[in-house]
Amino acid sequence: MIGFVLRRLLQAIPLLIGGTLIGFGLMQLAPGGPLAIYTLNPTIQVQDIERIKIIFGLDQPIHLQYVKWATGLFSGNWGYTFFGGRPVLDVILERLPATLLLMGSALSVAIVLGLSVGVLGAVKRYSVFDVLATTGALFALSFPTFWFGLMAIFIFAIQLRWLPSGGMWELGEEGNILSLLQHLVLPTMVLALVITATWSRYSRSAFLEVLHQDFMRTARAKGMPPVARLLRHAFPNAAKPLIALLGVELPFLFSGALVAETIFGWPGMGRLFVDALGMKEYPVLMGLMMFTAIFVIIGNLLADIAIALVDPRVRLS
Amino acid sequence: MSEPLLRVTGLEVHFPIRSALLRQRIGMVRAVDGVNLEVARGETLALVGESGCGKTTTGKAILRLIDPTGGSVRFGGEDIAKHGSRALAPFRKRMQIVFQDPYASLNPRMSVGGILAAPFEIHRIGDAKDRGERVAELLRTVGLPPEAARRYPHEFSGGQRQRIGIARALALRPELVIGDEPVSALDVSIQAQIINLMKRLQAELGLAYIMISHNLAVVSHVADRVAVMYLGRVVETAPREALFFDARHPYTQALLSAVPEPIPGRHRARQAPRGDVPSPARPPSGCHFHPRCPIAIARCSQEAPEARIIGPGHAVACHLVTP
Amino acid sequence: MSAASAAPEGQAGRIWKRFRRHRLALAGGFVVALLLASALFAPFLSPQDPTLLDTALRFRPPFADWRFPLGTDELGRDTLSRLLFGGRVSLTVGLVAMITTVMTGALIGITAGFIGGIVDTLLMRFVDTMLCFPQVFLLLVVAAFVPPTLLSISLVIGLTSWMEVSRIVRAEILHLKEQDFVAAARALGASRARIMFRELLPNAAAPILVAATLKVASAVLMESYISYLGYGVQPPLASWGNMLTNAQGYFDTVPWLAILPGVAITLTVVGFNFLGDGLRDALDPRLRMDP
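Sequence order as written defines residue numbering, which begins from 1 separately in each chain. Here every chain gets a letter starting at A, and every ligand a number starting at 1, in the order they are written. Note on the predicted model: pLDDT of at least 70 is required for a residue's local features to be given, and 80 or more for side-chain atom pairs to be given and counted; whole-chain, interface and lining totals, by contrast, use all residues. Where side-chain values are given, they derive from all heavy atoms of the structure, hydrogens and water being excluded.

S.K.: How would you summarise the overall build of chain B if you had to cite specific residues and measurements?
M.R.: Comment: elements are numbered from the N terminus, with helices defined as DSSP H or I runs of at least four residues and strands as E runs of at least two. Looking only at helices and strands, one finds nine helices and 12 strands in chain B. Dimensions of chain B, computed from the C-alpha atoms along their principal axes, are close to 65 × 60 × 45 Å. Within the span of chain B, comprising 323 residues, buried residues form 52% of the whole. Only carbon and sulfur atoms are counted for the fraction: they give 51% of the accessible area of chain B, which is about 14700 Å². Charge counting treats Lys and Arg as positive and Asp and Glu as negative, with His and both chain ends excluded. The atom standing in for a charge is NZ when the residue is Lys, CZ when it is Arg, CG when it is Asp and CD when it is Glu. Averaging the positions of the 41 positive and the 30 negative side-chain charges in chain B gives two centres separated by 4 Å. Only protein chains enter the accessibility calculation, which uses a 1.4 Å probe; a residue is then buried when its area is under 20% of its type maximum, exposed when over 50%, and partly exposed in between. Surface accessibility in these figures is a Shrake-Rupley result with a 1.4 Å probe; residues are shielded only by whichever protein chains are displayed.

Here it is as structure tokens:
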């Protein structure tokens, strides 16, 4: 097991290096370079820009800039925002809880709902329920989520006035859990839509695969009741692809969170990203890119280790 | 003696075994381990052995479909074992291959005409019209109608597909064709047709064949000479008659005892080798055959036997065989 | 020639039969055909010039005036005409992005799969790395960096979504390249390029076609989203995405302005997704996922 974890850790290193290379490369693509915000500002003199360049180390050769930036990344120095000069990592970490709350609640809804629909569909394959569920899942995957969000605001916030249309708290009610939950409903619904569909599709096929194995037939022949068979035998065996899905899905979860957060003004990382985009806050943009990428790499690593814990065969291959 | 068409000397194909973690080499599979062979113009050499003995790998290494890790492959007097693809190009025309599985050896997305025109396209021979005529000619040669060019491989039966494979191999007028179990995937009734076709073409075109087979019975119909392989090495080479009536290597004898007797009334004692074929990753020391050999002595496990000539064209690699 | 086209009929017939059984895919194909036709003939179908402003005719409701069958927007432009021309833009971006995706993905996948070794390792690590970034993040950053033209938007979408295709193609090539017809081509002295593009690629056509169809759907979705955020298709050129940006402001009073482009996007994406799903089942039963 330790060997397996070590091997997976080793495999994550090139990903991390590759990720920083892509991130750094993208930053060079920025029009006007990383200092566009200064170079495009007419009130700043050429000499000032030269001075800023030296402060940021931008007069040095490109590979040295990269090394400096990458080592900073791993030592916690993620640079400073153009506006306000705050440490980028602080700005990001400030927004992390809101995003985690949204992703967590959406993922919980999606797993519970998607798994039940998927398992039921697999058990009652080709039934009316199954056909409706698989068709519905494909529909859900095709919905433009942002439009779905707009429609949700239109129906539940504007027409029915059941729920708030955006934000995280009512003004002056920061810290009120009830207000938070009310605000959480619509973004969760929007983010959960696509993930639920993915989960139901995957769990359906994972269970279909398991249900036709010999050991399931043996369990049935032994006279084991259906629910016990499902819990004792099917679940542990279908868990592997589903844990893998958890890891693979992380980038999509971030993408979805960004969409939901922009529609509902949810003050998380996705919202921060879109705001930073509008203000050309390159350090924040790059920080967010790297933060999500590292998050995804670690997430996949954990998923792989979890799979190895569930299935001893994985460790050896 | 003049140089034969093909002379293979000390041919080796070793595949590294790598570890999962750091991909460092932790072993070697000696698929082909010092093979010597000769093929004269117009003759048929059968290369025989159980599956996994390296006979197909030998064939593919001669054709340079697999890169040999050692030894030489002299074709028409020139060693091509280390040629790059450019230097190899003229030799590609001179030796060809017919595969075992007629379903996998034809590109399912190409028409038969496209498949047969490919050799001319690759070697820039003729124009489109000329190639069309050549394709029709090839189809006639292997007994298929010219209209077959417009159809796709899946529309043909296994035997017909094998004819197409033979036609492709003959397109560039090769001097040597390697048949890698060319009939073993076919129905028995079709096998004879294909073998007869190949024999007829050999007579008409003066081809030399290397027929790779696990089946001594098939070999007895076509071969002039037979080479028997075991775990990457040739253990016995002999003219057909000598091999069938005077096999000397214990392994050859064991193989022959498994062949149904072609002459009624004659019976050989069945002496299948003991145990299983060992892994070529960890072959036994000395003579590879010694753990399964009924007559092995102490020396066999220590020293690999050299091939010794014991009769006209008859060579055996066994410590216990004397001329 | 007739015989040549007749040749794969047995196979094509079987595929068509399998596809026909898939009623949702047929419906998807129908919707896609309709959308493509309406985009193609947009100038003839549009009742008005989609850019014509008339503030006297703002916010006409749908079905109230035969000159504006689906009403008008906040600047008095005809919604139906804008939807038709917007569809042109969205589908063009979707198709060009798909072509970019498929070409990049196929090229990288076939190179990695066929060449193997260190080339394969490097390319696949690159794919893994690209997949660590959430696509919307990558897309928005690049979209914000390059001046938004139809071509640049398509290329940006295409170049941030090819990774999946390259994995599919690579897996297919790894399986195909061990087949004897490839060895036969090598024995004939065929060049690497000939083997990759003449022998192997046509055999990977089915999964590529399926991926291409599904990629049009996701590209249309991506275009509408970045246009909605203002980093995609720029006004006055209409796209379904940027129509939503404007409509958002009049949500409580004129909701149809937001509903109609959304329906158009949904129809397109659903159409292509169902079509792709049906194609997958028909072309490659191995990849089947749904009943």
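S.K.: For the interface of chain C and chain B, give the residues involved together with the corresponding values.
M.R.: Contacts are residue-level and defined by heavy atoms, with any inter-residue pair within 4.5 Å sufficient. At the interface, 21 residues of chain C touch 28 residues of chain B. Roughly 2200 Å² is buried in total at the junction of chain C and chain B, and carbon and sulfur atoms are behind 56% of that figure. By buried area we mean the combined loss of accessible area, with a 1.4 Å probe, across both parts when two parts are placed together. The three residues of chain C that bury the most area against chain B are Asp180, Ala187 and Leu188 of chain C, which together make up 30% of that side's buried surface. Put simply, a salt bridge is a Lys or Arg side-chain nitrogen that is within 4 Å of an Asp or Glu carboxyl oxygen. The tally of links between chain C and chain B comes to two salt bridges. Measuring nitrogen to oxygen at the nearest pair gives 3.4 Å for the salt bridge that ties Arg198 of chain C to Glu121 of chain B. Any pair of N or O atoms that falls within 3.5 Å is considered a polar contact. Within protein, one atom must be able to donate a hydrogen and the other to accept it, and sequence-neighbouring residues count only if both atoms are side-chain atoms. Applying the counting criterion to the chain C and chain B interface returns 10 residue pairs in polar contact (both at pLDDT 80 or more). Listing elements by their share of the side of chain C that touches chain B, those giving two or more residues are α1 (2–6), α10 (180–187) and α11 (192–200) of chain C. For the side of chain C that touches chain B, the element with the highest residue contribution is α10 of chain C, accounting for seven residues. When residues are sorted by character, Ala, Val, Leu, Ile, Met, Phe, Trp, Tyr, Cys and Pro go into the nonpolar class, Asp, Glu, Lys and Arg into the charged class, and all the rest, Gly among them, into the polar class. Broken down by class, the residue content of the side of chain C that touches chain B amounts to 12 nonpolar, four polar and five charged.

S.K.: I'd like a rundown of the interface of chain C and chain A, residues and numbers included.
M.R.: The interface is formed by 46 residues belonging to chain C together with 51 residues belonging to chain A. Together, the buried faces of chain C and chain A total about 4200 Å²; carbon and sulfur atoms form 80% of this surface. In terms of surface lost to chain A, no three residues of chain C exceed Phe133, Phe137 and Phe145 of chain C, which account for 18% of the buried area on that side. At the boundary of chain C and chain A, one finds six residue pairs in polar contact (both at pLDDT 80 or more).

S.K.: Go over the nonpolar core, please, and point to the residues and values.
M.R.: By size, the foremost hydrophobic cluster in this structure holds 210 residues, and its most contacted members are Trp78 and Phe273 of chain A, Ile166 of chain B together with Ile157 of chain C. The element best represented in this core is helix α12 (residues 282–310) of chain A, accounting for 15 residues. Apart from the residues lying within four places of it in its own chain, the contact partners of Trp78 of chain A are Gly72, Leu73, Val88, Leu89, Ile92, Gly287, Met290, Phe291 and Ile294 of chain A. Side-chain atoms within 4.5 Å link the members of a nonpolar core, which is a set of buried Ala, Val, Leu, Ile, Met, Phe, Trp, Tyr and Cys residues. Leu11, Val32 and Phe75 of chain B together with Ala184 of chain C belong to the second-largest nonpolar core, a separate cluster that totals 37 residues.

S.K.: Tell me about the layout of surface pockets, and name the residues and values.
M.R.: As a volume, the second largest pocket reaches approximately 1400 Å³. If you go around the second largest pocket, you meet 35 residues; those closest to its centre are Phe114, Arg186, Ala190, Arg192 and Ile195 of chain C. Sorting the residues of the lining of the second largest pocket by element identifies α2 (85–94) and α3 (112–122) of chain B together with α5 (79–115), α6 (117–132), α10 and α11 of chain C as the ones contributing at least two each. Element by element, the count of residues in the lining of the second largest pocket is highest for α2 of chain B, at five residues. Each residue belonging to the lining of the second largest pocket can be placed in one class, and the counts come to 13 nonpolar, nine polar and 13 charged. Residues are called lining when one of their atoms sits within 4 Å of a cavity or pocket point, these points coming from a 1 Å grid over the protein atoms alone, where a cavity is a set in which a 1.4 Å probe fits but cannot get out and a pocket is an open set with protein on both sides within 12 Å along at least five of seven lines. Grid points are joined across faces, edges and corners, and a volume is the space filled by probe spheres set on the points.

S.K.: So, the environment of Arg229 of chain A: which residues are in play, and what are the values?
M.R.: All names here are of chain A. Note that Arg229 resides in helix α10 (residues 226–264). Take Arg229: its relative accessible area is 16%, and that puts it in the buried class. With 27 residues separating them along the chain, Arg229 and Gly256 place their C-alpha atoms 35 Å apart. If sequence neighbours within four positions are ignored, Arg229 has contacts with Met216, Ala219, Arg220, Met224 and Ala234.

S.K.: Lay out a nonpolar patch on the surface in plain terms, naming residues and giving numbers.
M.R.: Each patch groups residues whose relative accessible area exceeds 30% and which form no salt bridge, using 9 Å between like charges and 5 Å between nonpolar side chains of Val, Leu, Ile, Met, Phe, Trp and Tyr. A grouping of Leu10, Ile13, Ile17 and Leu21 of chain A is seen on the molecular surface, where their side chains present a nonpolar patch of about 350 Å² in accessible area. Inspection of the secondary structure assignment puts Ile13 of chain A in helix α1 (residues 2–29).

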